[in-house]
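Summary of the model geometry
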Amino acid sequence: MRLRNKPWAKEKIAAYPQYIIPQPEQYKGRWHELFSNGHPIHIEIGTGKGRFITEMAKMNPHINYIGIELYESVIVCALDKLIENDLPNLRLLNVNAKDLTNIFAKGEVKRIYLNFSDPWPKKRHEKRRLTYRTFLELYENILVDEGEIHFKTDNRGLFEYSLVSFSQYGLVLQYVSLDLHRSDFEGNVMTEYEQKFSEKGNPIYRCEVKYRK
Ligand code: SAM
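Please read all numbers here as calculations on a predicted model, not as lab measurements. (Residues numbered from 1 in each chain as written. Predicted model: local features only at pLDDT ≥ 70, side-chain atom pairs only at ≥ 80, totals over all residues. Heavy atoms only, no water.)

**Brief notes about the overall build of the chain**
Helix and strand counts for the chain stand at eight helices and seven strands. Relative to the globule expectation of 17 Å for 213 residues, the C-alpha radius of gyration of the chain, 16 Å, shows essentially globular dimensions. With the principal axes as the frame, the chain shows a C-alpha extent of 40 × 40 × 35 Å. Expressed as a percentage of its 213 residues, the buried residues of the chain come to 47%. Within the chain, contacts between residues at least 6 apart in sequence are counted, and of these 77% link residues at least 24 apart. Summing over all exposed atoms, the chain offers an accessible surface of approximately 11,100 Å²; the carbon and sulfur share of this is 48%. (Helix = DSSP H or I, 4+ residues; strand = E, 2+ residues; numbered from the N terminus. Rg over C-alpha atoms; globule rule 2.2 N^0.38 Å. Buried < 20%, exposed > 50% of the residue type's maximum accessible area, 1.4 Å probe, protein only. Contact = heavy atoms within 4.5 Å. Areas by Shrake-Rupley, 256 points an atom, 1.4 Å probe, with all protein chains shown as cover.)

Okay, structure coming up:
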């Protein structure tokens, strides 16, 4: 992603602690207190500008959503959407996914969305891919038993790599599409990247995988 320098982003994030939670580690094991209900929690890692998670939160008020994004200059766009919609079931975290197990307890998250994750095509950067085995292990440590990952991308290489990585980790493949927009899948919510790449004519790959008990 091309990052624009936004020196004001940090200040804006700090001005909305009710939406972008500062020191999220303090909620480990008690995210339900923050949402004041016992609804399931779904997280998106690499939320970007936030269209997907905002639309999902609007459509599904009985699910709590948490969008996780590393860069301040990007998450402020997701923040704008949350300010505009004031959704009680959506919160944002400006953190690195590497820290997930400091933030969530085992079993606190029901589903993880990975949308258009950075492909890191060079072999020497394999460990940075969000579907690399160390990330799959982190996810297992915060998900419920039989928790799910829903993954979509336009990057064929990353998709092929991820299917193998999921399989080697022992995840169960539940759904796969090699051309999501021409499939019978219903209720797809497009991300910013999805819109951009599908307009160029790229097929969108999508799969759902589940951890074993
Ligand atoms: N999901 C959005 C979409 O589909 O429009 C954004 C896709 S963009 C290619 C990938 C995003 O993941 C970037 O905003 C990047 O900063 C974020 N990201 C990458 N690695 C991350 C990590 N380890 N923790 C949190 N966010 C990460």
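**Re the site of the ligand**
Residues in contact with the ligand amount to 18 residues; listed here are only the nearest, Gly46, Glu69, Ala97, Asn115 and Thr191. Glycine 46 has a polar backbone atom sitting 2.8 Å from a nitrogen atom of the ligand. Separating an oxygen atom of the ligand from a side-chain N or O atom of threonine 191 is a distance of 2.7 Å. Summarising the interface, the protein chains cover 94% of the accessible area of the ligand, which totals 600 Å² for the free molecule. Looking at side-chain class alone, the shell around the ligand contains eight nonpolar, six polar and four charged residues. (Near = heavy atom within 4 Å. Polar contact = N/O pair within 3.5 Å; in protein donor to acceptor, adjacent residues only side chain to side chain. Nonpolar A, V, L, I, M, F, W, Y, C, P; charged D, E, K, R; others polar.)

**A closer look at the packing of helix H6 (residues 133-140) against helix H7 (residues 156-169)**
Where H6 contacts H7, the two axes come as close as 10 Å, and the packing angle between them is 55 degrees. Looking at the two axes, H6 sits oblique to H7. As H6 runs across H7, the sense of the crossing is right-handed. Where H6 approaches H7, its residues Arg133, Leu136, Glu137 and Glu140 are matched on the opposing element by Ser165, Phe166 and Tyr169. For the contact of H6 with H7, the class distribution of residues is three nonpolar, one polar and three charged. (Axes fitted to C-alpha atoms, helices over the stretch in contact; angles between N-to-C directions. Parallel < 35°, antiparallel > 145°, perpendicular 65-115°, else oblique. Left-handed = near helix turned anticlockwise from the far one by under 90°.)

**Observations regarding a nonpolar patch on the surface**
Where nonpolar side chains cluster on the molecular surface, the patch consists of Leu173, Val176 and Leu178 and spans about 280 Å² of accessible area. In this structure, leucine 173 sits in strand S6 (residues 172-177). (Patch = residues over 30% accessible without salt bridge, like charges linked within 9 Å, V, L, I, M, F, W, Y side chains within 5 Å. Salt bridge = Lys/Arg side-chain N within 4 Å of Asp/Glu carboxyl O.)

**Topic: the sheet that holds strand S1 (residues 41-45)**
Strands sit in the order S3-S2-S1-S4-S5-S7-S6 across an open sheet of seven strands; the sheet is mixed. The strands lining the two open edges of the sheet, one partner per strand, are strand S3 (90-93) and S6. Between one strand axis and the next, the sheet turns through 15 degrees on average, direction left out of account. Relative to strand S4 (residues 109-115), S1 runs parallel, the two being bridged by four bridges. (Pairing = 2+ DSSP bridges.)

**Digging into the nonpolar core**
With 37 residues, the main nonpolar core has Ile43, Phe104, Tyr139 and Ile149 as its most contacted residues. Ignoring anything within four residues of it in the chain, the contact list for isoleucine 149 reads Ile112, Leu114, Leu136, Tyr139, Phe166, Leu171, Cys207, Glu208, Val209 and Tyr211. One finds Ile13, Tyr19, Phe52 and Ala78 within the second-largest nonpolar core, a separate group that totals 20 residues. (Core = buried A, V, L, I, M, F, W, Y, C linked by side-chain atoms within 4.5 Å.)

**Looking at the packing of aromatic side chains**
Under the criterion given, the structure shown has 11 aromatic pairs. Note on tyrosine 16 and tyrosine 19: the rings are 6.2 Å apart at their centroids and 15 degrees apart in plane angle, and the pair reads as stacked. With relative accessibility at 26%, the residue tyrosine 16 sits in the partly exposed group. The class for tyrosine 19 is buried, based on a relative accessible area of 8%. By way of ring pairs, the aromatic residues Phe151, Phe159, Phe166 and Tyr205 are connected into one cluster. The lysine or arginine in question, arginine 128, covers the ring of tryptophan 120, its NZ or CZ lying 4.6 Å from the ring centre. (Phe/Tyr/Trp six-rings, centres within 6.5 Å; stacked < 30°, edge-to-face > 60°. Lys NZ or Arg CZ within 6 Å of the ring centre and 35° of its normal.)

Note that every value here comes from positions in space, so none of it alone points to a role or purpose.
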